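Here are the chains, one letter per residue:
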Amino acid sequence: MKALKTFILAAIIAAACPAAARQAPGAMTVEDLVAWKRITAKAISDDGNWISVRMEPWKGDAVVRVYDRKGEEIAAFEPVKNSEFSATHYLLVTKTATVEALEQLKLKKTKPKDMPMDQLIIYNLKDRTAETVDSIVSYRLPESADCVAYLRGRDSVLHVRTLDDSRTTVFRDASQYLFSKENGVLYFVSKDTVDLNPGLYAFRPGKDAVPQALFEGDGVFRQLAADETGAHFAFLYGADKKATDMDMDLYLSEKNGPAVKIVARAGDEEWGVISENGPVRFSKNARRLFYGMAPRPRQKDTTQLAENRPDVHVWTWNEGVQYTVQDYNRAADLKKTYAVAYNLAGGAPVPLTSPDITAYQTVVDDEVTKALMSTSKPYELERMWEGVGREDVYLVDLLTGETELIKRGLAARVRLSPKGKYAFWYSPQDSSWYTLSVADRREYRLTTPSDFVAWDEDHDTPGDPQAYGSAGWTDGDEYILLYDRFDVWRFSPEAASAPVSLTRNGRATQTAYRYVPLDSDETSVDMRKPRLLTGFNHATKGYGYYSADFSKPSAPVALLAGDYRLTMPVKAKKSDALIYTKESFATYPDVHLSDLTFKRSVRLTHGGAQQDAFTWGTAELTSWTSLDGRRLEGVIYKPADFDPNRKYPLIVNFYERNADTYHSYRMPEPNRSTVDYHFYNSNGYVVFNPDIVYDDGYPGESCFNAVMSGVTALVARGYIDPDAIGAQGHSWGGYQDAYLATRTRLFAAIESGAPVVNMFSAYGGIRWGSGMNRSFQYEHGQSRIGKSIWESPLRYVENSPLFDMDKVQTPILIMANDKDGHVPWYQGIEFFVALKRLQKPAWLLNYTGEPHWPTRMANKVDFQKRMFQFFEHYLRHKPMPRWMRDGIPAVDRDFELGY
């Protein structure tokens, strides 16, 4: 009876207080981070009636959910790889085996050929029925036709069918295949000797009874390319399967007629040979065909044993490209090709790049017969220390091949306007925008520093500041639209009239407006139509969508704006429907459906439901005055159950500036290089991320002035335990953590990932992920010294933590990986060896074979666990784990983790 009364009482309490019946939110674990589902893809059908969203954990099975315009979920598919809408009312989903099943098969040493194959689900969105096709190798879906082609089985059977399965055609022994963008013409290579002769074929599903042979041959086909309408098709063909590096010809088929050889494989010595590595493509309206040439391949001397040939790399002091860069790029350079334009109306092929011309640019409009070519060859050497490339820029006539030098030694990226009337660029050296009239070669300076602030106002490195950019050109190249920090401005390309602020109130309201191109095929801005802008308010950090009338200067009208972050919307091709995400630190970035008015939005996904099981967090924007008198901002992240009367442990995590990300959700994840804010909030920590503003030559001191003043101001609030403050950073943040360790005893523990501690040795080091030397980043870039080691050696000493290691009083956890391509990993070794020599508590984690940060999930999880245990011990006095106390001897590392 007593038990019955207790049960009844509990039921009454649960009915009166439903929340009491649910499990109280708890603390997150690293395993919870791994399982966290985030949105990795979203799409809207052409008519805007259906939306697909893919959600997947960091490790595990992805699910695709499908919604209608009412926001109702109508279907879900799991586990999947991807999904894609057809031009009408079908969704194609690639379904795969579960991660667990695949891992079990791998444990059983299952051969690749025996692993399960994917399935293709063809889902009818109207009647909500699904058809499943097994054993899929690949598939192609045309943009404008209601059909699909797929390779099925392990014997290369190509199936071509209408999506309603009313008609199906099968081709045996097929390989390469593709659709034209329009009209749904299918092209495929067949090796079938029963129903077809080996060769290349064109087929129009639902229209052709049999495929049309474009070319017959059993050689090698490469670089298949169709124009947008399917009226032209080009490809490379080599009859000798063993000599495709030298034996490829370029063929062209028009109106799906027999293909004709238009360029033979080998020209003269200057031209070399047609390369199978060079992309073949048509211009938009098929007036020109582009392909690649390459030098004649060299053959190794097979009369000499390899052991009798020396294996040596010769570095030269005056070679333009650092040898390590050459070596890093060697495999790609051996396949490098040089672009050539072939005019279908006739005329000689026009070379666009060569060993001496390194880049080219054309515009989408085929009517434009001019293109840009550029070369950085004369300026490669000084890029080693300048870090910025300079170029000679040429105009080239695409019909005749005639070239003309228009700019020499320009440290800027030159582009062409959509109609080809102007070349234009931003010059960082004088912070000005320029145009050049293609018609008469006259150059115009559109802005000067005194009349237009085109450059990044927050720039704080020794190099020249970059521009805020351009919104594009208006129709007919009438105007160019440029950004300052806040507004969109209209400029005459020939400076014929005064510039006009089209948005007017950006600077006054501290709102940065930026144009949103909703049509991916758009090449210019139609000033007669209302335009969609995003707006970011620098004061509140909130975002908005705005409607702007570019036909006259006027303040944009807010459609949706507030204290949250909005992402770039995705619009349906054939309707005003669009999808977007809205988020804050506490609000999951769910997908919403609306239209261009944003008067009504429907939330589709509910990813935030994952948060219910955990103690979450809140974000607070704060400001303070730095030690050198600057007003700075930062963000404080607190547990949701925050009590100002308690004392909390604090993690200080920083890089450069973070305050503008105030409303970012910060998707939970087992991060490769930083603490997860939600994880630490959930476990009772406060996290603080302060902005840092730098003075050239004093990066370490600048960090100290910003971080120490910010932390001091935070401690003064009374809810931070001053004896339980940790710091964590990676790369540039790791360097700054190491510097702080030599200047203060404030921190009870520091994690420093991929740090530089010795700027002398780092200055002469190599970024092995690119082969580039590191001197430019000290003289002009992020490391912010501003001079070479010979010009200002004391600055390198003062900013190098290594030389003050004897002052360190803080236990330090270092991560330095032996394949780091950004920071030489010996910097971490110098750090650790110094601390060990001075007998100061330190640990080094080397995730062997990993680059700048762990990329394998197992290593990310391990890093997060060890870092958390490290902070838990020093900030909360939890027992020291065995790996910290005793280490893990090399002979035990395959058997013990020491958690």
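Residues numbered from 1 in each chain as written. Predicted model: local features only at pLDDT ≥ 70, side-chain atom pairs only at ≥ 80, totals over all residues. Heavy atoms only, no water.

Topic: the overall build of the chain
Counted only if it meets this: To qualify as a helix, a DSSP run of H or I must reach at least 4 residues; to qualify as a strand, a run of E must reach at least 2; elements of each kind are numbered from the N terminus. The size measure is the radius of gyration over C-alpha atoms, and the globule rule it meets is 2.2 Å times the number of residues to the 0.38 power. Three exposure classes are used, based on accessible area relative to the maximum for each residue type with a 1.4 Å probe and protein chains only: buried under 20%, partly exposed in between, and exposed over 50%. Note that His is not counted, nor are the chain ends; the positive residues are Lys and Arg, and the negative ones are Asp and Glu. By convention, the point assigned to a charge is CZ for Arg, NZ for Lys, CD for Glu and CG for Asp.
When its secondary structure is counted, the chain shows 17 helices and 54 strands. Since a compact globule built from 899 residues should have a radius of gyration of about 29 Å, the 31 Å found for the chain is in line with a globular shape. In terms of principal-axis extent, the alpha carbons of the chain reach across some 85 × 85 × 75 Å. A buried classification covers 51% of the 899 residues belonging to the chain. For the chain, the distance from the average site of its 108 positive side-chain charges to the average site of its 117 negative ones is 4 Å.

Notes on the packing of aromatic side chains
We count it as follows: Stacked, tilted and edge-to-face pairs are distinguished by plane angle, under 30 degrees for stacked and over 60 for edge-to-face with tilted covering the rest, among Phe, Tyr and Trp rings (Trp via its six-membered ring) whose centres lie within 6.5 Å. Only Lys NZ and Arg CZ are tested; either one counts as a charge over a ring when it is within 6 Å of the ring centre and within 35 degrees of the ring normal.
The full count for this structure, using the stated rule, is 54 aromatic pairs. Ring geometry for F452 and W489: centres 5.4 Å apart, planes at 85°, overall edge-to-face. On the criterion of sequence distance, the pair formed by F452 in the loop between strand 31 (443-445) and strand 32 (470-473) and W489 in strand 34 (residues 488-491) is long-range, its members being 37 residues apart. Taking the centre distance of 6.2 Å and the plane angle of 55° together, the rings of Y763 and Y778 count as tilted. Linking Y763 in helix 12 (residues 759-763) with Y778 in helix 13 (residues 775-779), this pair joins segments that are 15 residues apart in sequence. Per residue, the accessibility class of Y763 equals that of Y778, and both read buried. Feature note: the residues Y187, F215, F221, F233, F235, Y237 and Y251 constitute an aromatic cluster, connected by ring pairs. The ring of Y694 has R784 sitting right over it, with the charged end atom 3.9 Å from the ring centre.

So, the pairing of strand 43 (residues 590-594)
Within a regular strand, side chains alternate between the sheet's two faces. The condition is simple: Two strands pair if DSSP finds at least two bridges between them.
With five of five residues buried, strand 43 lies mostly within the body of the structure. Residues D590, H592 and S594 point to one face of strand 43 and V591 and L593 to the other, with burial holding for every one of them. Bridge analysis of strand 42 (residues 578-583) against strand 43 gives five bridges, and the strand direction is antiparallel. The partner of I579 across the bridge, within strand 43, is L593.

Side note on the side chain of E380
In plain terms, the rule: Throughout this description, the term salt bridge denotes a Lys or Arg side-chain nitrogen within 4 Å of a carboxyl oxygen of Asp or Glu. Contacts: residue pairs with any heavy atoms within 4.5 Å of one another.
In this structure, E380 sits in the loop between strand 25 (370-375) and helix 7 (383-386). Notably, E380 is buried but unbridged: the nearest opposite-charge side chain belongs to K377, and the N-O separation is 4.1 Å. Once residues lying within four places of it in the same chain are set aside, the contact partners of E380 are G320 and V321.

Some points on the sheet that holds strand 31
Taken together, four strands build an open sheet; the order of strands is 28-29-30-31 and the sheet is antiparallel. Each edge of the open sheet carries a strand with a single partner, namely strand 28 (415-416) and strand 31. Pairing analysis gives two bridges linking strand 28 to strand 29 (residues 422-427), with the strands arranged antiparallel. Within strand 29, the residue paired with R415 across the bridge is F424.

What about the pattern of salt bridges?
Between side chains of opposite charge, pairing is possible as soon as their charged atoms come close. This model, assessed by the stated rule, comprises 51 salt bridges. A salt bridge links K284 to E228; the shortest N-O distance between them is 3.4 Å. One end of the pair, K284, is in the loop between strand 20 (281-282) and strand 21 (288-294); the other, E228, is in the loop between strand 15 (220-226) and strand 16 (232-238), and 56 residues separate them in sequence. Note on E228: relative accessible area 21%, which makes it partly exposed. Across the salt bridge formed by K261 and D249, the nearest N and O atoms sit 3.5 Å from each other.

Comments concerning the nonpolar core
Rules: By nonpolar core we mean a set of buried residues, namely Ala, Val, Leu, Ile, Met, Phe, Trp, Tyr and Cys, connected to one another through side-chain atoms within 4.5 Å.
By size, the foremost hydrophobic cluster in this structure holds 52 residues, and its most contacted members are I651, Y680, F870, F871 and L875. The biggest single contributor to this core is helix 16 (residues 857-876), with nine residues. Among all residues touching L875, those that are not within four sequence positions of it are P649, L650, I651, Y685, A724, I725, G726, A748 and A749. If you look at the next biggest cluster of nonpolar residues, it comprises 51 residues, including I725, A738, Y763 and A834.

Quick word on the confidence of the model for the chain
In regions of low pLDDT, the predicted coordinates are not meant to be interpreted in detail. Rules: The pLDDT value expresses, per residue, how confident the predictor is, ranging between 0 and 100.
Residues of the chain with pLDDT of at least 70 account for 97%, and the chain-wide mean is 94. Ignoring residues within four places in sequence, the model shows residues 1-22, a span with pLDDT below 50, making one contact including any to other chains.

Some points on the sheet that holds strand 49 (residues 720-730)
Convention followed: As a rule, the C-alpha atoms of each element are fitted with a line to give its axis, helices using only the stretch in contact, and angles between N-to-C directions run from 0 to 180 degrees.
Strand order across the open sheet formed by eight strands is 45-46-48-47-49-50-53-54, with mixed pairing between neighbours. Of all the strands in the sheet, the pair left with one neighbour each is strand 45 (617-625) and strand 54 (842-845). Neighbour-to-neighbour, the strand axes of the sheet open up by a mean angle of 20°, direction not taken into account. Both strand 53 (residues 812-815) and strand 54 contribute to a ladder of four bridges, which runs parallel. Its bridge partner being in strand 54, L813 is matched across the sheet by W843. Of the strands in this sheet, strand 49, strand 50 (749-753) and strand 53 touch helix 11 (residues 732-741), which is tilted by about 140° from strand 49.

Re the pairing of strand 27 (residues 403-410)
Here five bridges tie strand 26 (residues 391-397) to strand 27, and the two strands are oriented antiparallel to one another. Within strand 27, the residue paired with V393 across the bridge is K407. Hairpin geometry of strand 26 and strand 27 is characterised by an intervening segment of five residues between the two adjacent antiparallel strands and by a positive phi of about 85° at G401.

Observations concerning a nonpolar patch on the surface
Short version of the rule: To count toward a patch, a residue needs a relative accessible area above 30% and no salt bridge. Like charges then connect within 9 Å, nonpolar side chains (Val, Leu, Ile, Met, Phe, Trp, Tyr) within 5 Å. Exposure was quantified through the Shrake-Rupley algorithm and a 1.4 Å probe, taking into account, for residues, occlusion by the shown protein chains and nothing else.
Residues L794, V797 and F803 make up a contiguous nonpolar surface patch of about 270 Å² in total accessible area. Note that V797 resides in helix 14 (residues 793-798). The class for V797 is partly exposed, based on a relative accessible area of 32%.

Topic: the packing of helix 10 (residues 699-715) against helix 11
How we decide: Note that the term roughly parallel is reserved for angles under 35 degrees, roughly antiparallel for angles over 145, roughly perpendicular for angles of 65 to 115, and oblique for everything else.
For the pair helix 10 and helix 11, interaxial distance at closest approach is 9 Å and the crossing angle is 80°. Our classification of the angle between helix 10 and helix 11 gives roughly perpendicular. Facing P699, G700, E701, C703, F704 and V707 of helix 10, the residues of helix 11 in contact are W732, Y735, Q736, Y739 and L740.

Some remarks on helix 10
For clarity, the cut-off: How far a helix is expected to stretch is found by multiplying one less than its residue total by 1.5 Å.
For helix 10, built from 17 residues, the straight-helix expectation of 24 Å at 1.5 Å per residue is met to within 8% by its first-to-last C-alpha distance of 24 Å. Of all 17 residues that make up helix 10, 13 are buried, and the element is covered over most of its length.

Remarks on the side chain of N773
The following threshold applies: Definition of a polar contact: a pair of N or O atoms within 3.5 Å, with one able to donate and the other able to accept a hydrogen when the atoms are protein atoms, and with sequence-neighbouring residues admitted only if both atoms are side-chain atoms.
Position of N773 relative to the elements: it lies in strand 52 (residues 772-773). Judged by its relative accessible area of 7%, N773 falls in the buried class. Here the side chain of N773 touches M384 through a polar contact of 3.3 Å, landing on its backbone oxygen. Side-chain polar atoms of N773 contact the side chain of S775, separated by 2.3 Å. For N773, the contacting residues outside a window of four places in its chain are M384, G765 and I766.

Here we look at the environment of M246
One can find M246 in the loop between strand 16 and strand 17 (249-254). Judged by relative accessible area, M246 falls into the partly exposed class, the value being 32%. Measuring from C-alpha to C-alpha, the distance between M246 and P297 comes to 7.2 Å, with 51 residues separating the pair along the chain. Among residues more than four places away in sequence, those in contact with M246 are R265, V273 and P297.

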